[in-house]
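# Breakdown of the fold
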Number of protein chains: 2
Amino acid sequence: MRFRYPNGKLYTSKKKASSLPSTHNGNRGMRLEDDINESIAYYRREKLAVIHKKPTPVQIVNVDYPARSRAKITEAYFRQASTTDYNGVYRGCYLDFEAKETRQKQSFPFKNFHEHQLQHLADVDEQQGCAFLILRFAESDEIFVMKASVFVQLKERSERKSLQKQVIAENSIAVPSGFIPPIDFLPAVDRLFY
Amino acid sequence: MRFRYPNGKLYTSKKKASSLPSTHNGNRGMRLEDDINESIAYYRREKLAVIHKKPTPVQIVNVDYPARSRAKITEAYFRQASTTDYNGVYRGCYLDFEAKETRQKQSFPFKNFHEHQLQHLADVDEQQGCAFLILRFAESDEIFVMKASVFVQLKERSERKSLQKQVIAENSIAVPSGFIPPIDFLPAVDRLFY
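Residues numbered from 1 in each chain as written. Chains lettered and ligands numbered in written order. Predicted model: local features only at pLDDT ≥ 70, side-chain atom pairs only at ≥ 80, totals over all residues. Heavy atoms only, no water.

## Quick notes on the UniProt feature "binding site: Mg(2+)" (unreviewed entry) in chain A
What counts is decided by this rule: UniProt positions are given in the numbering used here, feature names are shortened, and annotations may be inferred rather than shown by experiment. The secondary structure listing takes helices from DSSP runs of H or I that are at least 4 residues long and strands from runs of E that are at least 2 residues long, numbered from the N terminus. Only protein chains enter the accessibility calculation, which uses a 1.4 Å probe; a residue whose area is less than 20% of its type maximum is buried, one above 50% is exposed, and one in between is partly exposed. We call two residues in contact whenever any of their non-hydrogen atoms come within 4.5 Å of each other. Within 3.5 Å is the distance limit for a polar contact, defined as a pair of N or O atoms, with the added protein rule that one can donate a hydrogen and the other accept it, and that residues adjacent in sequence qualify only through two side-chain atoms.
Mapped onto the present numbering, the UniProt feature "binding site: Mg(2+)" (unreviewed entry) falls at T83, D85, E98 and Q117 of chain A. The largest pairwise C-alpha distance within this set of annotated residues, which runs over 35 residues, is 9.1 Å, so the set is compact in three dimensions. Counting through the fold element by element, T83 of chain A comes out in the loop between strand 5 (72-78) and strand 6 (86-90). Using a relative accessible area of 5% as the deciding quantity, one classes T83 of chain A as buried. Leaving out residues up to four positions away in the same chain, T83 of chain A has contacts with K54, H116, Q117 and H120 of chain A together with H52 of chain B. In terms of polar contacts, T83 of chain A uses its side chain to reach the side chain of K54 of chain A, at 3.1 Å. The residue D85 of chain A is located in the loop between strand 5 and strand 6 in this model. Note on D85 of chain A: relative accessible area 23%, which makes it partly exposed. Excluding its chain neighbours within four sequence positions, the residues that come into contact with D85 of chain A are H52, K53, K54, F97 and E98 of chain A.

In structure tokens form, the structure reads like this:
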């Protein structure tokens, strides 16, 4: 089954997705979240870091308890998350990040980031956690890891509605797209924060 | 509205709960989760730590999109969480904990802890995060903060189905129940991990 999350991202259940040919969306499709999820699963398996994606927040209104079967939620609504999607621990350091991608070719729209996400990352920064963004240009499959604090500074200084790719490249670490893990972002975290 | 989560905990919507007289469950009721939530909100407000409770994981099966109103989830099920309920950052350190309470008076049943939660805390420990438990005896309102690794050792050595309160007291930090915040557990974290 497929539906859209409030952020516009299309949800496809795993079963359905895996039955689609892998070229369905093309190699340049929007698939950052899947790649991140695979990468953090790899990191956990290899005991390199313990990072999890947070569950989608849902406001539960009604639950049925059918006889002899498990509780069924019959009415619920998506809630706005108050944090980022990912956090965890890596060699003693608290990591917290948001992963976003765009189909635009030359710049990354600021509107992809919610104010409360950037505020949360600023709060993390203040507690000496490692707060960063993973930015992907889907068309060219270019991936950048940027300190959240640097992103916020660039956003505040900018008079545009988006951040140019060149500026991103100059202020972040480029991460090649790979196979296992699909996005190996921990070396970039090392360079940015250690 | 009220329903039971898979862990047996009774859910009461905020609105209903706050309209109940505060003595409804008595002072010795099961209210650890509310107290922790208030405490971490206090820590965030005072910029002492950034800790959030993770959303309840839900498997979404069907969503309706009524015209001119927001998406409504019409079929969903509770999923088993793969981590603990709480994590965050405190002065650069990654914190991860589970909070449990019991109505038993002299010992804390091991069955209150799922294997995957203890495994997750062990993984966090290995990444040099601060993994701990907040244990509350509801009847006496006694609260203890214990390193997860110590709890696991005691559990492995034990031939009982529960951990005696005296053993807990000897291997943890007692935290007095207070008002603002209701459970001030950060000083115990300082003593255990710094």
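There is more to say after this.
## As for the environment of L163 of chain B
Residue and element names in this part refer to chain B. Note that L163 resides in strand 11 (residues 162-164). According to the relative accessible area criterion, L163 is buried, its value standing at 4%. Taking the C-alpha atoms as reference points, L163 and F110, separated by 53 residues in sequence, lie 7.0 Å from one another. Ignoring anything within four residues of it in the chain, the contact list for L163 reads Q106, S107, F108, F110, M146, F151, L154 and I168.

## A word on the relation of the copies chain A and chain B
Inclusion rule: Overlaid copies result from least-squares superposition on C-alpha atoms, with residues included only where pLDDT is at least 70 in both.
Least-squares fitting of chain A to chain B yields an RMSD of 0.0 Å, with the superposition described by an axial translation of 0.0 Å and a rotation of 180°. The operation mapping one copy onto its partner corresponds to a two-fold rotation axis. Same-surface contact between copies: 100% of interface residues of chain A are shared with the interface of chain B.

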